[in-house]
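# Structural overview
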2 protein chains.
Amino acid sequence: MTGRVPPERVRTVACIGAGVIGGGWVAYFLAHGFRVHAWDPAPDAEARLRTLVDAAWPALTELGLAPGASVDHLTVTAELADAVGEADYVQESAPEQLDLKRELLADIDAATPAHVVIGSSTSGYGMTEMAADAAGAHRLVVAHPFNPPYLIPLVEVVGGERTAADAVAWTEEFLRHIGKSVIVMDQEVPGFIANRLQEALWREALHMVANGEATPAQIDASIIDGPGLRWAFHGPMLTFHLAGGPGGMAHMLDHFGPSLLSPWTRLDAPELTPELRDSVVAGTEESAGERTIADLVRERDRRLVDVLRVLGKVPGAS
Amino acid sequence: MTGRVPPERVRTVACIGAGVIGGGWVAYFLAHGFRVHAWDPAPDAEARLRTLVDAAWPALTELGLAPGASVDHLTVTAELADAVGEADYVQESAPEQLDLKRELLADIDAATPAHVVIGSSTSGYGMTEMAADAAGAHRLVVAHPFNPPYLIPLVEVVGGERTAADAVAWTEEFLRHIGKSVIVMDQEVPGFIANRLQEALWREALHMVANGEATPAQIDASIIDGPGLRWAFHGPMLTFHLAGGPGGMAHMLDHFGPSLLSPWTRLDAPELTPELRDSVVAGTEESAGERTIADLVRERDRRLVDVLRVLGKVPGAS
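Chain A goes by 3-hydroxyacyl-CoA dehydrogenase NAD-binding domain-containing protein in an unreviewed UniProt entry, where it is assigned to Pseudonocardia zijingensis. Reading the Sequence similarities (unreviewed entry) entry of the UniProt record for chain A gives the comment "Belongs to the 3-hydroxyacyl-CoA dehydrogenase family." Heading Pathway (unreviewed entry) of the UniProt record for chain A holds this comment: "Lipid metabolism; butanoate metabolism."

## Some thoughts on the pairing of strand 2 (residues 35-39) of chain A
Residue and element names in this part refer to chain A. Most of strand 2 is tucked away, with four of its five residues classed as buried. Bridge analysis of strand 1 (residues 12-16) against strand 2 gives five bridges, and the strand direction is parallel. Looking across to strand 2, one finds that isoleucine 16 is bridged to tryptophan 39. With helix 1 (residues 20-31) bridging strand 1 and the parallel strand 2, this β-α-β connection has right-handed handedness. By the bridge criterion, three bridges tie strand 2 to strand 3 (residues 74-76) in an arrangement that is parallel. Looking across to strand 3, one finds that histidine 37 is bridged to threonine 75.

## Quick look at helix 2 (residues 45-63) of chain B
Residue and element names in this part refer to chain B. Between its first and last C-alpha atoms helix 2 spans 27 Å; for 19 residues at 1.5 Å apiece the expected length is 27 Å, and the two agree. Ala45, Leu49, Val53, Ala56, Trp57, Ala59, Leu60 and Leu63 are the residues of helix 2 that are buried. Looking one or two places after helix 2, you find glycine 64, whose phi comes out positive at around 110 degrees.

## So, the domain arrangement of chain A
When the parts come together, some accessible area is lost, and that loss is often what is quoted as the size of the interface. Splitting chain A by domain gives domain 1 (7-184) and domain 2 (226-310). The C-alpha-based centres of domain 1 of chain A and domain 2 of chain A are spaced at 34 Å.

## Remarks on the packing of helix 7 (residues 194-210) of chain A against helix 7 (residues 194-210) of chain B
At a minimum axis separation of 8 Å, helix 7 of chain A and helix 7 of chain B run at an interaxial angle of 145 degrees. Like other packed secondary-structure pairs, helix 7 of chain A and helix 7 of chain B cross with a definite hand, here right-handed. Mapping the contact onto sequence places Arg196, Leu197, Ala200, Leu201, Glu204, Ala205 and Met208 of chain A in helix 7 of chain A and Arg196, Leu197, Ala200, Leu201, Glu204, Ala205 and Met208 of chain B in helix 7 of chain B. Partitioned by chemical class, the residues of the contact of helix 7 of chain A with helix 7 of chain B number 10 nonpolar, no polar and four charged.

## Here's the deal with the interface of chain B and chain A
Listed by partner, the interface residues are 115 residues for chain B and 115 residues for chain A. Taking both sides of the interface into account, the surface hidden between chain B and chain A amounts to around 10100 Å²; carbon and sulfur atoms contribute 70%. Looking at the side of chain B facing chain A, the largest losses of area belong to Trp202, Arg203 and Trp264 of chain B, adding up to 9% of the total buried there. Taken together, chain B and chain A are joined by four salt bridges. The partner of glutamate 204 of chain A in a salt bridge is arginine 196 of chain B, and the shortest N-O contact between them spans 3.3 Å. Linking chain B with chain A are 28 residue pairs in polar contact (both at pLDDT 80 or more). The element best represented in the side of chain B that touches chain A is helix 7 of chain B, accounting for 17 residues. For the side of chain B that touches chain A, the class distribution of residues is 67 nonpolar, 29 polar and 19 charged.

## Brief notes about the sheet that holds strand 6 (residues 140-145) of chain B
All names here are of chain B. Here we have eight strands laid out as an open sheet, ordered 3-2-1-4-5-6-7-8, and mixed in their pairing. Each edge of the open sheet carries a strand with a single partner, namely strand 3 (74-76) and strand 8 (181-184). Neighbour-to-neighbour, the strand axes of this sheet turn through a mean angle of 25 degrees, independent of strand direction.

The rules behind these values
Residues numbered from 1 in each chain as written. Chains lettered and ligands numbered in written order. Predicted model: local features only at pLDDT ≥ 70, side-chain atom pairs only at ≥ 80, totals over all residues. Heavy atoms only, no water. UniProt positions renumbered as here; feature names shortened; annotations may be inferred. Buried < 20%, exposed > 50% of the residue type's maximum accessible area, 1.4 Å probe, protein only. Helix = DSSP H or I, 4+ residues; strand = E, 2+ residues; numbered from the N terminus. Pairing = 2+ DSSP bridges. Right-handed = clockwise from strand over helix to strand, strands pointing away. Expected span 1.5 Å × (residues − 1). Domains from an automatic or database assignment. Axes fitted to C-alpha atoms, helices over the stretch in contact; angles between N-to-C directions. Left-handed = near helix turned anticlockwise from the far one by under 90°. Contact = heavy atoms within 4.5 Å. Nonpolar A, V, L, I, M, F, W, Y, C, P; charged D, E, K, R; others polar. Buried area = accessible area lost by both parts, 1.4 Å probe. Salt bridge = Lys/Arg side-chain N within 4 Å of Asp/Glu carboxyl O. Polar contact = N/O pair within 3.5 Å; in protein donor to acceptor, adjacent residues only side chain to side chain.

As structure tokens, then:
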């Protein structure tokens, strides 16, 4: 692996850009016992960053700190080069502007030791376009977290056209090692996966407000006390797998397929070709694995009871 | 209220249609101590219903049964009229076919005492079109639950053009009394609120599978370990309220508004007019209420820690 530090031997991480997302990464890395070197050009960046880390620390402490983890292991540097010079991994979390990302990633690449992988928190750009000006594009990888990065496990990892496969593999291994839930994507899709899904929901919500069909409070309540409770442990695909009864997703698509044409959202449905039908069924059954529909129903109920209780939402308890 | 039974004095509920949704209502009503009279024309309906109720009972028991609640209080009748004759409330959960719903609701209306409210579990039709053949349309109300109705609190309530306001008010009061989270809608919107949002996400997911951009397993993982964790307690609007930093939703829309035009979903975004911007900001601030952004961040972190722990998803614990 071209002289890379083994993921389990990482000791120092650089965080470039220390706003809400970058600061969240800082807190997470500190909680895992790393030394963190942060750089952010904003004049009040250090004060904001330390406030954010302090606010995150109680939750991280409750979840369990690594031995020796301390907020004292954070160093905020005045120069970018000082932040990345000793890093075993670099996480870039600059504002979401393509020109800025391009220039910054080229600067980071120029200042970072050649064996070190550089991840970007971008929420939607592909690394191919972001790495355009970087000489070391082979070690530039998208590593997109969700807010707050110190508590939400998901990181979407995907390389650009010039990214080396081993850089993607190293990033995946490193992030898994520190407890992240990593999805490695085969291809660059603008917005990746979760943001595409989240954006579809957000846009439908905005349409509903624009048309006076629902208020923001009703939109939130409809998710919080409705499907959102299930999405914390079964995603949309497994949820619809259970909607099909004993026949699962296959029955769902074969039986309710036509209702794909119902005007229940402004987003046009794709044509339910036999190929799409089969892909959805096979993929869903693969993720269900050994679990039968009855198993999944029991799992759903057990977890719903747990989530309802822990959130103080026991029906009838009002 | 035209001789209606006060919501807190309801003792007997009729459930017409006893599949996955109707059966879920049966279990919920039984757990709340009611006598339930169920009717379903399918030949094996009673056996399936009793199996479903038995499967739901452990979860309902764990959440707390009403005094005297028992699965023995379920009676499955051979005739529709026998099920509704003594009911204080009727819940219709027939298959989602408009002609069938129209005819069935007219039959239920003809057989049910005049003072009793009749709710429909339809997941998308408006009561105006479903009540077309019913003489007593004034007491027909949509009461749309989410699966499983015995655990998910949400019920969307909306009347049709001929529905009396007091029937909607009675339904709201009754369902709240038995622990449901009720959203009363002012107008008939096909698919109501949660299904519209859920469908937008589902359709985007199908597009992604159709285009080889993500597998069903990746789609589920992206929600389960990502935004889905937050949607169990903060909906999409409050989530974006926090994405705006201290400036909240106003900052989010003013600052990131242009990214509404990013191609992150196939659903076209609405134009962010000043009116829409103001509605979203005002509505979100209203639902945030007294809670500042800092309060909401603390609330988010506390609940995320709770949800991560109860679901066994503590980062780093792998």
